[in-house]
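# A structural walkthrough
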Amino acid sequence: MASREVRAIGQAGWGRTLGAAAISLIYFFPVLFIIMTAFKTRSDALAWPIKFIFTPTLSNFISVFFRVTVEGGAAEATGFGLYFFNSLFIGGTSVLLALIIGTSAAYGFSRFPLRGNDTYLFMILTTRMMPPIIAIIPIFVLFNVFGLSGTYIGIIALYTAFNLPFSIWMVKSFFDDLDRDMEDAARMDGSSEWKVFRKICLPQVYAGLAATFVFAVILTWNEFVFALLLTGTQTRTVPVQIVRTIGGALGVDWGLLSALETLFIIPVVLVTFALQNQLLRGVTFGTIRR
Amino acid sequence: MSEIRLQQLTKRFQNLLAVDRVDLEVAPGEVMCLLGPSGCGKTTTLRMIAGLESATDGNILIAGKRVNDLPARERNVAMTFQFYALYPSLTVAENLAYPLHADGLSRTQINERIAQVSKVLDLEGILKRRPHQLGEGEKQRVAVGRSIVRQPTCFLFDEPLSRLDIQLRQQMRTQIKEVLEKLDKPTVIVTHDQIEALTMADRIAVMRDGRIEQVATPHDLFAYPVNTFVAGFIGTPQMNLVEATLRAVEDGPDGTARGRFDLLGESFAARVEPGVRRLPAGGRVTLGVRPRSFVLAPPGGEETLRATLDLVEPMGAELLLHLLQHGSDLRCVVRHTTRVTVGETVGLRCKPGQLHVFDENGALVQ
């Protein structure tokens, strides 16, 4: 019999590794393409066939923040600093709020069920069953009546509400999976219900909270429709401004757009990267039994 | 004194009667095992004592005080859980300290206690580790440590040894017993493992379907099981329980009673308790003989049962013989040096005084 190299179980060979690399490259290619374009001059960006070797330039990144908008005029600040701040502030605040409120609600739903608990949970989710564009009309009217249009409070409240159903459902599933004996043990050891929640249950779902946080951040960071209609010039978020940047006298400036996109994905990439271990544990939560 | 007293304790879950009018008393320093098949209500009873489950009816008294309406944290009861329930985000030392924080002890007092407990339970080397870094035996010791670290009024154990392998189980059994003996507190242990109960308990309460069938010392439980359920449940291999008809009770030698029975058409006689005289002749009874109470004898004679050897199970120092007597299966334990061949017909004689007679309701006749 021909001898074959014996490979340790659980270790992939080169063939499989390369195959996996090729497939992930296909997934990653659009992102890679945008990042490359961000460093290209206008003529490089439009060149065909696609240029993979080129002299990189930072001019697109500079024009994100300062550029000539009127022909022959001087470079002006574009206000993108403010829009980035808005995105971070609005997104961060609403996701955190949704997580805090959602975690408390989820614990309640999980540990102190109401009569008709499942009905409530279902009702919470119904708001996410329709496309946002359908909900926008009543919300738009409400915002105008209460003077919330264009305010931080308005959009933060909306995004918080928008993230809540998802946060409640996801965090509840993490609480449901915990070993109840541990809570009973803590009660016997003299803990109040608050301490049981704070010291015993909460630390065990940190990974799940991280996973929920990342998903909520991604959803909120990229939200466009509500932001378009309900933010004003001072509270505008990046996705809205990106769309407004498309166009202009010279057609679409792909380099500029790509630079914007590149900057735009950095926070999400950082958050995901920082929490990736937690994220993995979070999404596999409960799949491994004791 | 801090004794536990249960009075007519009842727990109903919707339509299910989990615990049914249980009366039980556990004295200070006494180890009481609740023993029974799964679903018999033993864990529910324990959880009610702990305050983790509310009682539907009846009273729970700890140290003379009715605690039914006290939440678990105010009962000052320590409990060890089946799956240990160690706090995963805390180290062993922090796990041990947890109940002490709630008692409001100072840092030095806490450290002192932890040092004491870890010495008793041999935890000194693992105080800085977290639960997921511990072996099963270590987890068990930490769980025990956490329950003895403060001074509770009583101790509760839920299936304390079920997760350990046989060797560790024996070790821990001894260790827990030693620890408990030093503490002059009532202890309740829930288990479905009779060896655990027989070795650790001062008294055992055998439960079935939410009711206590018998409360007795391990010896009495084994020697005088009040009914066929307890008789069949306690003792391995299981007691032989055979239906028979009582023919007559005669006077035996030295004033003893001698019962004559019909077993599936065969007659059988053996010494019985005097109480059997009160049973009507021709009545249905159940005869109970432990496998170790049978001795092999040549077939024939009215004191032996004729049976065919069906299967031989070696058990180390002993052989477990499965015998067929007119279609019913009998078990008998003999020394491993005994020469037997499958298929042969043997006689079984009951050792004097070791025949249990249960009346038609399954109650022991004494």
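Calculation criteria
- Residues numbered from 1 in each chain as written.
- Chains lettered and ligands numbered in written order.
- Predicted model: local features only at pLDDT ≥ 70, side-chain atom pairs only at ≥ 80, totals over all residues.
- Helix = DSSP H or I, 4+ residues; strand = E, 2+ residues; numbered from the N terminus.
- Buried ≥ 20, exposed ≤ 12 C-beta atoms within 10 Å, placed from the backbone.
- Contact = placed C-beta atoms within 7 Å.
- Pairing = 2+ DSSP bridges.
- Expected span 1.5 Å × (residues − 1).
- Bend = angle between axes of the 7 residues up to and from the residue.
- Domains from an automatic or database assignment.
- Nonpolar A, V, L, I, M, F, W, Y, C, P; charged D, E, K, R; others polar.
- Axes fitted to C-alpha atoms, helices over the stretch in contact; angles between N-to-C directions.
- Parallel < 35°, antiparallel > 145°, perpendicular 65-115°, else oblique.
- Core = buried A, V, L, I, M, F, W, Y, C linked by C-beta atoms within 7 Å.
- Arc of directions from axis to C-beta.

What follows deals with the overall build of chain B. Counting secondary structure elements, chain B contains eight helices and 20 strands. Across its three principal axes, chain B shows a C-alpha extent of roughly 75 × 45 × 40 Å. For chain B, the residues scored as buried account for 39% of the 366 residues in total. Relative to all contacts within chain B whose residues are 6 or more apart in sequence, the contacts with residues 24 or more apart total 64%.

Moving on: the pairing of strand 16 (residues 304-314) of chain B. Across a regular strand the side chains alternate sides, sitting on one face of the sheet and then on the other. Residue and element names in this part refer to chain B. The pairing of strand 16 with strand 19 (residues 345-350) spans five bridges and is classified as antiparallel. Its bridge partner lying in strand 19, Thr 308 is registered against Thr 345. Where strand 16 and strand 17 (residues 318-325) come together, six bridges link them in antiparallel fashion. From the neighbouring strand, Leu 311 faces strand 17, where its bridge partner is His 322. Counting the residues in the hairpin turn of strand 16 and strand 17 gives three residues, including Gly 316, whose phi is positive at 85°.

Quick look at helix 7 (residues 152-176) of chain A now. Here helix 7 of chain A is 25 residues long and its end C-alpha atoms lie 35 Å apart, about the 36 Å a rise of 1.5 Å per residue gives. If you look at helix 7 of chain A, its biggest bend is around 35°, right at Leu164(A), and the proline Pro165(A) turns up within four residues after that.

Residue and element names in this part refer to chain B. Domain parsing of chain B yields domain 1 (4-233) and domain 2 (240-358). For domain 1 versus domain 2, the separation of C-alpha centres amounts to 39 Å. Domain 1 puts four residues into the contact, and the matching count from domain 2 is five residues. Here the side of domain 1 that touches domain 2 is built from residues that sort into one nonpolar, three polar and no charged.

Turning to the sheet that holds strand 3 (residues 31-35) of chain B, a few remarks are in order. Backbone-to-backbone hydrogen bonds join strands into a sheet, with any given pair of strands oriented parallel or antiparallel. Residues and elements named next belong to chain B. Strand order in the open sheet formed by six strands is 6-7-8-3-9-10, with mixed pairing between adjacent strands. Unpaired on one side and paired on the other, strand 6 (77-80) and strand 10 (211-216) mark the two borders of the sheet. Geometrically, the sheet is characterised by an average inter-axis angle of 20° between neighbouring strands, direction not taken into account.

Residues and elements named next belong to chain A. Where helix 10 (residues 206-221) meets helix 13 (residues 254-274), the closest approach of the two axes is 10 Å, and the angle between their N-to-C directions is 175°. Considering their axes alone, helix 10 and helix 13 lie roughly antiparallel with respect to each other. For the pair formed by helix 10 and helix 13, the contact residues are Val 214, Val 217, Ile 218 and Trp 221 on the first element and Val 268, Val 271 and Thr 272 on the second. For the contact of helix 10 with helix 13, the residue count by class is six nonpolar, one polar and no charged.

Further remarks concern the interface of chain A and chain B. With 15 residues of chain A in contact, the opposing surface of chain B contributes 17 residues. Those elements giving two or more residues to the side of chain A that touches chain B turn out to be helix 8 (180-188) and helix 9 (193-204) of chain A. Element by element, the count of residues in the side of chain A that touches chain B is highest for helix 8 of chain A, at six residues. Here the side of chain A that touches chain B is composed, by residue class, of five nonpolar, four polar and six charged.

Cis peptide bonds are those with omega within 30 degrees of zero, and the linkage from Trp48(A) to Pro49(A) qualifies with -5°. Note on placement: Pro49(A) falls in the loop between helix 2 (42-46) and helix 3 (59-65). One non-glycine residue, Gln14(B), adopts positive backbone phi at about 45°. As for its position among the elements, Gln14(B) is in the loop between strand 1 (4-13) and strand 2 (16-26). Phi at Asn76(B) takes a positive value of approximately 55°, unusual for a residue other than glycine. Here Asn76(B) is to be found in the loop between strand 5 (65-66) and strand 6.

Quick look at the sheet that holds strand 12 (residues 257-263) of chain B now. All names here are of chain B. Within the open sheet, the five strands sit side by side as 13-12-11-14-20. Their pairing is antiparallel. The open sheet terminates on both sides in strands that have one partner only, identified here as strand 13 (266-272) and strand 20 (355-358). Strand-to-strand twist in this sheet, taken as the mean axis angle between neighbours without regard to direction, amounts to 45°. Where strand 12 lies against strand 13, seven bridges are found, and the strand directions are antiparallel. Among the inter-strand pairings, Gly 259 is bridged to a residue of strand 13, identified as Ala 270.

Residues and elements named next belong to chain A. You can read the domains of chain A as domain 1 (15-77) and domain 2 (80-283). Look at where the C-alpha atoms of domain 1 and domain 2 centre, and you get two points 30 Å apart. In this assembly, 14 residues from domain 1 lie in contact with twelve residues from domain 2. Those elements giving two or more residues to the side of domain 1 that touches domain 2 turn out to be helix 1 (14-38), helix 2 and helix 3. Broken down by element, the residue count for the side of domain 1 that touches domain 2 peaks at five residues, all from helix 3. A breakdown of the residues in the side of domain 1 that touches domain 2 according to their chemical character gives eight nonpolar, four polar and two charged.

It is worth spelling out the pairing of strand 17 of chain B at this point. Residue and element names in this part refer to chain B. Across eight bridges, the pairing between strand 17 and strand 18 (residues 328-335) is antiparallel. Within strand 18, the position partnered with Gln 325 by the bridge is Ser 328. The turn joining strand 17 and strand 18, which pair antiparallel and follow one another in sequence, is formed by two residues; a positive phi near 50° is taken by His 326.

What follows covers the nonpolar core. In terms of nonpolar packing, the biggest core is built from 124 residues, with Cys33(B), Ile49(B), Ala50(B), Val77(B), Leu156(B) and Val188(B) touching the most fellow members. When residues in this core are grouped by element, the largest group, eight residues, is from helix 10 of chain A. When sequence neighbours within four positions are dropped, the list of residues in contact with Val188(B) reads Ile4(B), Val26(B), Met32(B), Leu34(B), Leu46(B), Ile49(B) and Leu156(B). Formed by twelve residues, the second largest nonpolar core is a distinct cluster that contains Ala38(A), Phe39(A), Tyr83(A) and Leu257(A).

Residue and element names in this part refer to chain B. With 17 residues, helix 5 (residues 166-182) ought to run about 24 Å at 1.5 Å a step, and its terminal C-alpha atoms sit 25 Å apart, in line with that. When helix 5 is considered as a whole, its buried residues turn out to be Arg 169, Ile 176 and Leu 180. For helix 5, the angular spread of the buried residues around the axis is 35°, confining them to a single face. Residues Gln 167, Thr 174, Glu 178, Glu 181 and Lys 182 are exposed on helix 5 and point more than 90 degrees away from its buried face. Where helix 5 is buried, its residues touch strand 3, helix 4 (136-148), strand 8 (187-191) and helix 6 (194-200).

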